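# Survey of secondary and tertiary structure
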Amino acid sequence: MKDTLALLQKFNAHPDSRCWYVAWNPKGTLLASCGGDRAIRIWGREGDSWECKTVLQDGHQRAVRKVAWSPCGNYLASASFDATTCIWKKKNDDFECLTVLEGHENEVKCVAWAPSGNLLATCSRDKSVWIWEVDEEDEYECVSVVNSHTQDVKHVVWHPTQELLASCSYDNNVCVYKEEDDDWECRATLEGHTSTVWGLTFDPSGQRLASCSDDRTVKIWKECQPGGGQGTDTAWKCVCTLSGFHGRTVYDIAWCPLTGALATACGDDGVRVFKEDETADPDQPVFSLSAHVPKAHSQDVNCIAWNPKEAGLLVSCSDNGEIAVWNYQSEV
Amino acid sequence: MSVGTRLENTTEDEDEDVADPIDDREIFDILSVSINDPEHPLSLEELNVVEQVRVRVDDQENTVGVEFTPTIPHCSMATLIGLSIKVKLLRSLPERFKIDVHITPGTHTSEDAVNKQLADKERVAAALENSQLLEVVNQCLISNARTS
């Protein structure tokens, strides 16, 4: 492996607590992190180090599980075990809580903004996925509640260009949703993982979806054109499974929009980057392990995220409360 | 009612200068001394709910595996017992350890469902934020004074 993954910085983000998630803003200049201490922290780069710009402490009554930036970068959404989703508006270095979205019966596990900026999706242990619309007056309205999973829904992710949503669950499946007559419906159920699916990511073109699981594998799914042409349901096929690489649960996966590299966050404390073989058949992709840091953190790695503007810049966070910033370089 | 086997001290155990890796027996001791079955007044060890042979520690690999046998095959408290074991170990062991708690295969009707919940750290974390559940778990973990 001539490719390298080098540690640039490591800092304690959530003292005496676990850091559950970390997200880059659309410009790639800020990091939002959240954790078991119920706080959200905003980090900015000062030269070679990262400084905490803001701490949002009183937004939630329980752990904050995930945070998501709006496509315009002016809003932040936070999903919490207190069953609410908070929408924050950025005002210079500060954030003001605009509204609190309620409705889920128990812990909210994820929140995600659609690329259009007009839609938001949340999911919960209550097995449902909610779709919210936001108008020009910053008013949020739930437009659909979909109950396609039979268990706790762990993650939701939007397609990069189309209005298409994917979710994954403790029920071992992935669901894909589309809007039909003002209602969101599950159009495909992707079966194959043998345990909880924790994370999802679309490739830069949106033609493929990668999932990661407690079964210690990563699966790549591709939408295939239905042969019979009946109905509007689509079929997704698993075109690749990466097994034997991860020692424990794979908690998160991220596909780099700039380079196409695939990074994973694992419960064996490791961070891995996979590269796709350019010469392989697109319907039977081949991925190989490009870089691996076995002890990226001293405890489980919960989240991994590529900087949207700077190729090779990668961030991870861990149960030990730390955030690590990496530089990935690939010899093409 | 049988009691789990205890091993005799070896000469290495007595030597203060030998580094003390965490071993099966230490985990067993952590668990036996301090966990009560919520439905029975006797400790888990006295009920044979946790047996020593079912503790597997790898100090080098930083893993601890505990298999526990619920008192009856459809015991409704199995998840709570498993959770208490997990919490006790999380509080007692260094952070480097990965802790896996399972029901002894073949000893419970819902063992797959219980094992899956215990293995899901997000579910465990959220459950422990529930103050009522946390209180019940803490009640299970009140230590008995034991004389060896």
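Before reading on, note that the structure itself is shown above.
Please read all numbers here as calculations on a predicted model, not as lab measurements.

Conventions used here
- Residues numbered from 1 in each chain as written.
- Chains lettered and ligands numbered in written order.
- Predicted model: local features only at pLDDT ≥ 70, side-chain atom pairs only at ≥ 80, totals over all residues.
- Heavy atoms only, no water.
- Pairing = 2+ DSSP bridges.
- Helix = DSSP H or I, 4+ residues; strand = E, 2+ residues; numbered from the N terminus.
- Buried < 20%, exposed > 50% of the residue type's maximum accessible area, 1.4 Å probe, protein only.
- Axes fitted to C-alpha atoms, helices over the stretch in contact; angles between N-to-C directions.
- Contact = heavy atoms within 4.5 Å.
- Buried area = accessible area lost by both parts, 1.4 Å probe.
- Salt bridge = Lys/Arg side-chain N within 4 Å of Asp/Glu carboxyl O.
- Polar contact = N/O pair within 3.5 Å; in protein donor to acceptor, adjacent residues only side chain to side chain.
- 1 Å grid on protein atoms, 1.4 Å probe; cavity = no way out; pocket = protein on both sides within 12 Å on 5 of 7 lines; lining within 4 Å.
- Points joined across faces, edges and corners; volume = space filled by probe spheres on them.
- Nonpolar A, V, L, I, M, F, W, Y, C, P; charged D, E, K, R; others polar.
- Core = buried A, V, L, I, M, F, W, Y, C linked by side-chain atoms within 4.5 Å.

Residue and element names in this part refer to chain A. The pairing of strand 23 (residues 262-266) with strand 24 (residues 271-276) spans four bridges and is antiparallel. If you follow Leu-262 over to strand 24, its bridge partner there is Phe-274. Taking the residues between adjacent antiparallel strands as the criterion, strand 23 and strand 24 are bridged by four residues, where Asp-269 takes a positive phi near 75°. Sheet analysis places strand 24 next to strand 25 (residues 287-293), joined by six bridges and oriented antiparallel. Bridge assignment links Glu-276 to a residue of strand 25, and that residue is Phe-287.

Another aspect to go through is the pairing of strand 4 (residues 40-46) of chain A. All names here are of chain A. Summarising burial for strand 4: five of the seven residues are buried, a large majority. Of the pairings in the sheet, the one linking strand 3 (residues 30-35) to strand 4 comprises five bridges and is antiparallel in character. In the sheet register, Ser-33 faces strand 4, and the bridge partner there is Arg-41. Taking the residues that link successive antiparallel strands as the turn, the strand 3-strand 4 hairpin has four residues, and the phi of Arg-38 there is positive, at about 70°. Where strand 4 meets strand 5 (residues 49-56), seven bridges bridge the pair, whose relative direction is antiparallel. Paired with Gly-44 across the bridge in strand 5 is Glu-51. Taking the residues between adjacent antiparallel strands as the criterion, strand 4 and strand 5 are bridged by two residues, where Gly-47 takes a positive phi near 65°.

With that settled, the discussion passes to the sheet that holds strand 14 (residues 153-158) of chain A. Each strand in a sheet pairs with its neighbour through backbone hydrogen bonds, running either in the same direction (parallel) or in the opposite one (antiparallel). Residues and elements named next belong to chain A. With antiparallel pairing, four strands are arranged side by side in an open sheet as 14-15-16-17. The strands lining the two open edges of the sheet, one partner per strand, are strand 14 and strand 17 (183-190). Within this sheet the neighbouring strands show an average axis-to-axis angle of 25°, counted without direction. Bridge analysis of strand 14 against strand 15 (residues 164-169) gives five bridges, and the strand direction is antiparallel. Residue pairing across strands places Val-157 opposite Ala-166, the latter belonging to strand 15.

We now examine the interface of chain A and chain B. Counting from both sides, the interface comprises 28 residues of chain A and, opposite them, 16 residues of chain B. Counting the surface lost from both chain A and chain B, the interface buries some 1,800 Å², and carbon and sulfur atoms represent 41% of this. For the pair chain A and chain B, the interface holds 10 salt bridges. Where A:Asp319 meets B:Lys121, a salt bridge forms, and the shortest distance between an N and an O atom there is 3.0 Å. Applying the counting criterion to the chain A and chain B interface returns 16 residue pairs in polar contact (both at pLDDT 80 or more).

This paragraph deals with the layout of surface pockets. Its boundaries defined by the atoms lining it, the largest pocket holds a volume of some 1,400 Å³. Every residue lining the largest pocket is counted, 43 residues in all, and those nearest its centre are A:Arg18, A:Asp319, B:Lys86, B:Leu90 and B:Lys121. Counting residues per element, the ones that place at least two in the lining of the largest pocket are helix 3 (78-92), strand 3 (98-103), helix 4 (111-119) and helix 5 (121-128) of chain B. When its residues are assigned to classes, the lining of the largest pocket shows 17 nonpolar, eight polar and 18 charged.

Judged by nonpolar contacts, the single largest core of 35 residues is most densely connected at A:Ile40, A:Leu76 and A:Ile323. With six residues, the single largest contributor to this core is strand 2 (residues 19-24) of chain A.

The next point concerns empty space enclosed by the protein. Residue and element names in this part refer to chain A. In total, this model carries one cavity of 30 Å³ or more according to the counting rule given. Empty space within the largest cavity amounts to approximately 30 Å³. Around the largest cavity sit Tyr-21, Arg-65, Lys-66, His-155, Trp-198, Tyr-251, Asp-252 and Asn-302, which together line it. Across the lining of the largest cavity, the residue classes tally to three nonpolar, two polar and three charged.

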